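What follows is the residue order along each chain.
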Amino acid sequence: MYSWHRLVIFITFFISAAPAMTADQRYGYGTVPTEIEIRAWDIDVRADGAGLPDGKGSSVQGEALYLQLCSACHGEFGEGIGRFPALIGGEDSLDKERPKKTVGSYWPYATTLWDYINRSMPFGNAQSLEPDQVYAIVAYILNMNDLISADTVLDRKSLPAIRMPNRDGFLSPDPRPDVHSKACMKNCRDNIEITSHTRNKP
Amino acid sequence: MKKRLPSTSGSGLEKPLKPDLKKRRLFLQSGLAAGASLIGVSTEASTVPGKLVPGWSRHLGAGVASSGYGIPSRFEADVQRRTLDWLHARREASISFTPLQSQQGIITPTGLMFERHHGGIADIDPERHYLLIHGLVKQPLKLTLTELMRFPSVSHIHFLECAANGVLNYPAAQYNSLQFTHGMLSCCEWTGVPLRLILNEVGIRKKAKWILAEGADAAALTRSIPIDKALDDALIVYAQNGEMLRPEQGYPMRLLLPGWEGVTNIKWLRRLELGDQPWDTREETATYTDLLPTGKARQFTFVMETKSVITSPCPENPLPGKGRVAINGLAWSGYGRIKRVDVSVDGGRNWQTARLHGPVQNKSLTRFSMEWDWNGQTALLQSRAIDETGYVQPTLSELRKIRGSRSLYHNNAIQTWRLNSNGEIENVQLA
């Protein structure tokens, strides 16, 4: 038995010394990805611009691309065709009865626009654009919103520096539960008035 | 619910035994015609004159494995997910609603679970898919489905609700339909691996506070998740109601964040990146943020708050007549377990506590019932859920008083159904 114990201790020492991790509940399943594999999928761009690739583009360069790849759905001027989202408009509407949330009126970061277009647009042909093209199209959309001039060149430095109109429009952390109702049981309310009703079938 | 009365009552002997033609047509339209002809044999056959023997009692039905994967009775063919084409420009970036009016229990049948996609349903070959975990970790990791399934697994029942559930009822009552007022909601048994186990595997670096979860669909949908949730009850699931995930629910793997808004439960999960701040993706800035009357919007409003609704009667399930009736419904809470549900038949003036059907589970749909003697007069039916934290489901006006009428997401208000004297239900809102 004694020698068994020694063996166990020996093996335990070997196993725990081998991997870099200390946690002894590791299962060791899966494989280690290569740098190339990580880089190929690591497409995200953060609000502060972390993750933006090299490359550049201006609105002048973006116009033709936008008209070719985007305007069929989002409109020549970004006004949005049918129910496709508009990319312009809605300034000063957020506290009004009919707020209009667009890139220009609502989005807090220009970097998010880069990230979103790069990962999912054009709709139906996602992740097909080169970095220069994304910079140029982003510049075109920001120019349509009168946020930058037509010849402003966007790159990994200048894009995060753009201050969007609604930059300070967001509140977190979540303050909920914010509505504090009471579980009254008897004679909880007097007059009951119906303010809205519908018999519409979808 | 007239349709559920057995047609053998009354004249019963006539042939055919009144198969609901409208339903049958719907059934054929739904592309399941092959199954119909198989099962159809027994019911279309003649009955014995003078005897109360319907065809299905006389002739053999279809044999075993006549359909390798069973489907509901053809008489239930109108139980379908539905969408509204005006809601979004394209169905690949739209929503379908669960027919809650037909849900008999807490589990949503997998094929009826609501869908919300931003780039269509990805058709993923699991042999060519893996999950990448990297960023602020000690050792990045790649996991195939097979490798993920080697980890110790758990099965939990949890509801899943879109943040926008109830949006069609927020500014004003818009449709007379439970499916469309509450149907961005489902509840399933989920099987998978606690995310905490996977994170232990890669080793979290001290500075890591957030995780970016990304889908492999054509939207590459991304949300930033606080690490505390990941270490608490988050799962990477691969199965739902005992079978592998359906493609529309994220096959072969998805994130499951119990009690949190649907969009954070990233489907077709391909990547988790650990970081020290949130990313502020489009789905956590431009959308899924709750606009207040001041023009400022709340961001990262994750929890789906406590809510309930009466599912019978409801617009789709009118009452057959006065007398003793059962009021049934569902309650749920992203804060935890349901503690109590109260029901009112007079628009919230007086309340009675309903019976909960156990076991009452954490962040799961919970059934409630109350028997009521209906005198045939107009009534205003409501239900109100209270969870284990003491949170009380608010009225719509209490909600609007704080959040205004443009916040759209996270409408967990008490629903009012007006019961008319003919037994029909109308969707109404009270001051």
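Shown above is the structure to which this text applies.
Reading the values: the criteria
- Residues numbered from 1 in each chain as written.
- Chains lettered and ligands numbered in written order.
- Predicted model: local features only at pLDDT ≥ 70, side-chain atom pairs only at ≥ 80, totals over all residues.
- Heavy atoms only, no water.
- Contact = heavy atoms within 4.5 Å.
- Buried area = accessible area lost by both parts, 1.4 Å probe.
- Salt bridge = Lys/Arg side-chain N within 4 Å of Asp/Glu carboxyl O.
- Polar contact = N/O pair within 3.5 Å; in protein donor to acceptor, adjacent residues only side chain to side chain.
- Helix = DSSP H or I, 4+ residues; strand = E, 2+ residues; numbered from the N terminus.
- Nonpolar A, V, L, I, M, F, W, Y, C, P; charged D, E, K, R; others polar.
- Pairing = 2+ DSSP bridges.
- Disulfide = S-S within 2.5 Å.
- Buried < 20%, exposed > 50% of the residue type's maximum accessible area, 1.4 Å probe, protein only.

Participant: Quick question: what am I supposed to make of the interface of chain A and chain B here?
Facilitator: It is common to give the size of an interface as the accessible area that goes away when the parts come together. In this complex, chain A contributes 73 residues to the contact, which on the side of chain B involves 102 residues. At the boundary of chain A with chain B, total buried surface from both sides reaches about 7,700 Å², with 54% on carbon and sulfur atoms. Note that R403(B) and D178(A) form a salt bridge whose closest N and O atoms lie 2.7 Å from each other. Linking chain A with chain B are 46 residue pairs in polar contact (both at pLDDT 80 or more), by the criterion used here. Going through the elements one at a time, α2 (35–41), α5 (110–120), β3 (170–171) and β4 (194–198) of chain A are the ones with two or more residues in the side of chain A that touches chain B. Taken together, the residues that form the side of chain A that touches chain B break down as 33 nonpolar, 16 polar and 24 charged. In terms of strand pairing, β3(A) meets strand β14 (residues 297–298) of chain B through 2 bridges, oriented parallel. For F170(A), the partnering residue across the bridge sits in β14(B) and is A297(B).

Participant: In this structure, what is going on with the state of the cysteines? I would like to understand it.
Facilitator: Structurally, a disulfide amounts to a covalent bond that connects the sulfur atoms of two cysteines. Taken as a whole, this structure holds 1 disulfide over all chains when the rule is applied. Between the sulfur atoms of C184(A) and its disulfide mate C188(A) the distance is 2.1 Å. Its S-S torsion of approximately -100° makes the covalent link between C184(A) and C188(A) left-handed. Between C162(B), a free cysteine, and C188(B), which holds the nearest cysteine sulfur, the sulfur-to-sulfur gap is 15 Å. We classify C162(B) as buried; its relative accessible area is 4%.

Participant: For this particular structure, what's the right way to read the sheet that holds strand β21 (residues 379–387) of chain B?
Facilitator: The pairing of strands in a sheet comes from backbone hydrogen bonds and takes either a parallel or an antiparallel form. If you walk across this open sheet you meet the 6 strands as β4(A)-β23(B)-β22(B)-β21(B)-β17(B)-β18(B), and the pairing is antiparallel. Only two strands of the sheet have a single neighbouring strand rather than two, namely β4 of chain A together with β18 (352–353) of chain B.

Participant: Mind showing me how you'd approach the pattern of salt bridges here?
Facilitator: Oppositely charged side chains can pair when the atoms bearing their charge come close. A complete count under the given rule lists 35 salt bridges over all chains for this structure. A salt bridge links D44(A) to R271(B), with the shortest nitrogen-to-oxygen separation between them at 2.6 Å. One end of the pair, D44(A), is in the loop between α2 and β1 (57–58); the other, R271(B), is in strand β12 (residues 269–275), on a second chain. Each member of the pair, D44(A) as well as R271(B), carries the same accessibility label: buried. A salt bridge links E214(B) to R271(B); the nearest nitrogen and oxygen atoms lie 2.8 Å apart. Here E214(B), found in strand β7 (residues 210–215), pairs with R271(B), found in strand β12; they are 57 residues apart in sequence, far enough to count as distant. According to the relative accessible area criterion, E214(B) is buried, its value standing at 0%.

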